[in-house]
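Residue-level structure breakdown
The primary structure of each chain is shown beneath.
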Amino acid sequence: MNKPNDKPLKFDVRSGLRRIMSQARRVDLKTRATSFEEFWQAAVDANESLYFREIIGPQGREVTIRDSFTGEIRTMLMFGSNNYLGLADNPYVREKSIEALKQYGTGLGGPPLLNGYTQLMRELEERIAALKGAEAAIIYPTGYQTNLSLVTCLPEKGDLVLCDEAHHASLFDGLKMAGVPHKTFKHNGLEDLEEQLIEFRSDARDAFVFVESVHSMNSDLAPIPEVAALCRKYTSYLIVDDAHGTGILGERGRGVGEHFDMEGEIDIVMGTFSKAFASVGGFAAGPSHLIAYLKFYSRPYMFSAALPPSVLAGVHACLDLLEKEPERVQNLRDNVGYVVKGLEEQGIATSSQGGCVPLLVPPEINIRRAAFAFHELGLFMNPIEWPAVPREKQRFRISLMATHTREDLDTLLEAIGRVWALDAVRE
Ligand SMILES: Cc1ncc(COP(=O)(O)O)c(C=O)c1O
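Fair warning: this is a prediction, and the values are worked out from it, not measured in the lab. (Residues numbered from 1 in each chain as written. Predicted model: local features only at pLDDT ≥ 70, side-chain atom pairs only at ≥ 80, totals over all residues.)

1. Some details on the nonpolar core
In this structure, Ala137, Val209 and Ile239 are the most contacted members of the largest nonpolar core, which totals 110 residues. If you tally residues by element for this core, the top one is helix α13 (residues 309-324), at eight residues. If you count residues domain by domain, this core takes at least three from each of domain 1 (54-78 + 327-425) and domain 2 (91-324). Setting aside chain neighbours within four positions, we find Ile239 in contact with Leu150, Phe208, Val209, Phe210, Asp267, Ile268 and Met270. (Core = buried A, V, L, I, M, F, W, Y, C linked by C-beta atoms within 7 Å. Buried ≥ 20, exposed ≤ 12 C-beta atoms within 10 Å, placed from the backbone. Helix = DSSP H or I, 4+ residues; strand = E, 2+ residues; numbered from the N terminus. Domains from an automatic or database assignment. Contact = placed C-beta atoms within 7 Å.)

2. Remarks on the packing of helix α14 (residues 327-345) against helix α16 (residues 406-420)
It is the contact of α14 with α16, at a shortest axis distance of 10 Å, that shows an interaxial angle of 30 degrees. With respect to each other, α14 and α16 are oriented roughly parallel. At the point where α14 passes α16, the crossing takes the right-handed sense. Here α14 contributes Asn335, Tyr338, Val339, Gly342 and Leu343 to the contact with α16, which in turn contributes Leu409, Leu412 and Leu413. When its residues are assigned to classes, the contact of α14 with α16 shows six nonpolar, two polar and no charged. (Axes fitted to C-alpha atoms, helices over the stretch in contact; angles between N-to-C directions. Parallel < 35°, antiparallel > 145°, perpendicular 65-115°, else oblique. Left-handed = near helix turned anticlockwise from the far one by under 90°. Nonpolar A, V, L, I, M, F, W, Y, C, P; charged D, E, K, R; others polar.)

3. Some words on the pairing of strand β5 (residues 160-164)
For β5, the tally of buried residues reaches five of five residues, placing the bulk of the element in the interior. In β5, alternate side chains face the same way, and those of Leu160, Leu162 and Asp164 on one face and Val161 and Cys163 on the other are all buried. Pairing analysis gives four bridges linking β5 to strand β7 (residues 207-212), with the strands arranged parallel. Of the residues in β7, the one forming a bridge with Cys163 is Phe210. Where β5 and strand β6 (residues 183-185) come together, three bridges link them in parallel fashion. Pairing of Leu162 across the sheet is with Lys183, part of β6. Handedness of the crossover joining β5 and β6 through helix α7 (residues 169-178) is recorded here as right-handed. (Pairing = 2+ DSSP bridges. Right-handed = clockwise from strand over helix to strand, strands pointing away.)

4. Side note on the site of the ligand
Surrounding the ligand, one finds 14 residues, the nearest of these being Gly143, Tyr144, Ser216, Ala243 and Thr272. A total of three residues in the shell around the ligand trace back to one element, the largest contributor, which is helix α6 (residues 143-153). (Near = placed C-beta within 6 Å.)

5. Digging into the sheet that holds strand β2 (residues 62-66)
Taken in spatial order, the four strands make up an open sheet running β1-β2-β3-β12, and their pairing is mixed. Both outer strands of the open sheet, β1 (54-55) and β12 (379-380), are each paired with one neighbouring strand and no more. In this structure, β1 lies alongside β2, joined through two bridges in antiparallel fashion. By the bridge assignment for β2, Glu54 is matched with Arg66.

6. Considering the domain arrangement of the chain
Taken domain by domain, the chain holds domain 1 (54-78 + 327-425) and domain 2 (91-324). In this structure, domain 1 and domain 2 have C-alpha centres spaced 28 Å apart. Top contributing element to the side of domain 1 that touches domain 2 by residue count: strand β11 (residues 356-360), with three residues. The residue inventory of the side of domain 1 that touches domain 2, partitioned by class, reads seven nonpolar, four polar and one charged.

7. So, the sheet that holds strand β8 (residues 237-241)
Sheet architecture is open: seven strands sit in the order β4-β10-β9-β8-β7-β5-β6, paired in mixed fashion. Looking along the sheet, the strands with just one partner apiece sit at the ends: β4 (136-140) and β6. Adjacent strand axes in the sheet meet at a mean angle of 20 degrees, parallel and antiparallel pairs treated alike. Taken together, the three bridges between β8 and strand β9 (residues 268-272) define a ladder with parallel strand orientation. By the bridge assignment for β9, Asp241 is matched with Met270. In this fold helix α9 (residues 224-233) packs onto β7 and β8, with an angle of close to 155 degrees to the strand it touches most, β8.

8. Some remarks on unusual backbone geometry
Residue Pro387 is reached from Trp386 by a cis peptide bond, and omega for that bond is 10 degrees. Note that Pro387 resides in the loop between β13 (383-384) and β14 (395-399). The phi dihedral of Ser219 falls on the positive side, at around 60 degrees, and the residue is not glycine. Along the polypeptide, Ser219 turns up in the loop between β7 and α9. A count of 23 C-beta atoms within 10 Å places Ser219 in the buried class. Positive phi is not limited to glycine here, since Ala278 has a value of about 60 degrees. By secondary structure assignment, the location of Ala278 is in the loop between β9 and β10 (282-286). Judged by local crowding, Ala278 falls into the buried class, with 26 C-beta atoms found within 10 Å.

Next up, the structure:
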């Protein structure tokens, strides 16, 4: 309930969210939910909300949407999808998914432990284990649930959990659920990590270090060999989130292990099927005893239905293509390099070791207006606003695909130059 001295929430499009968030703990649910709804509607009315764009066709280098501003059906160039290898609309992947749909129907109605374990899932576990050079693998409904599982299941009170401060939200959400204390170290900060291992390792029973291979927002690569060396030195488990590395890193797109020539040397590699594998689902690969333990002790696995066979078949098909046509990985890398170079030529510094290119928004530019300008120019670009990233690091996360053409990339680069020069996007 509101306390009697609470002032009613007042907001405008620009400061509203911060105010609503800062007051959220002091007002009742109805007040904060209606305030947020009004704030969001005001942003929509001011052409400053591009969330929930309605897509009405497949997810390729182009995508068809129903434009909520004009009601028109439009085709846009897609630079906001993690469909990195461009396989979401691939005819072979579609065909394999349809075959499985015909053979198995739409779903299984239960978790793998009971009635949801199919031949497709067993074979996919084997292929994912082989992809990561691991003994075994487990398949989850999402990558998010995979991270929840790893942190709620593996560490116990009395263990040391050290996480990169910039790790994906799923890990931190899992830590809240797990209720185990954890510490963070500076993003890719080896010195900080070692200092904390020196200080805390000896008091702990087991220790776990969590890092992302390619960071989801910065697209920078963690120094995995050095982190692994520290883990060996201080007898700690290394758990790498390879969501943005699988299908992207290494000559054959096998991910972090292939890139660093460390296959089988990382205790657990997790990843997702929602990016390069163009679908949905998650996995963890590692030693057979840890995978068996996860299968019986991780609650997000136990208490959630298995992925539908059509999804598993689609992922199998993506793996077939990765094996048969590894040039897709190189195409993606070439596209990333082309965009980074093109931006540099416009005086915009950036870098990327993954499949997306971060485009930081200069302080004088309003990110929502810039997003709308891109939208008007026919480019589907995702604004990443505070509080998802710090205010001074607001950005567009340009997701590239192996299937983007040079013409697409030139259109993108030209549009960025045009939008950055517009008076209408200035604060
Ligand atoms: C680094 C990282 N880990 C985990 C996830 C969760 O993956 P999923 O989309 O399969 O839930 C994501 C997705 O955004 C991610 O970027």
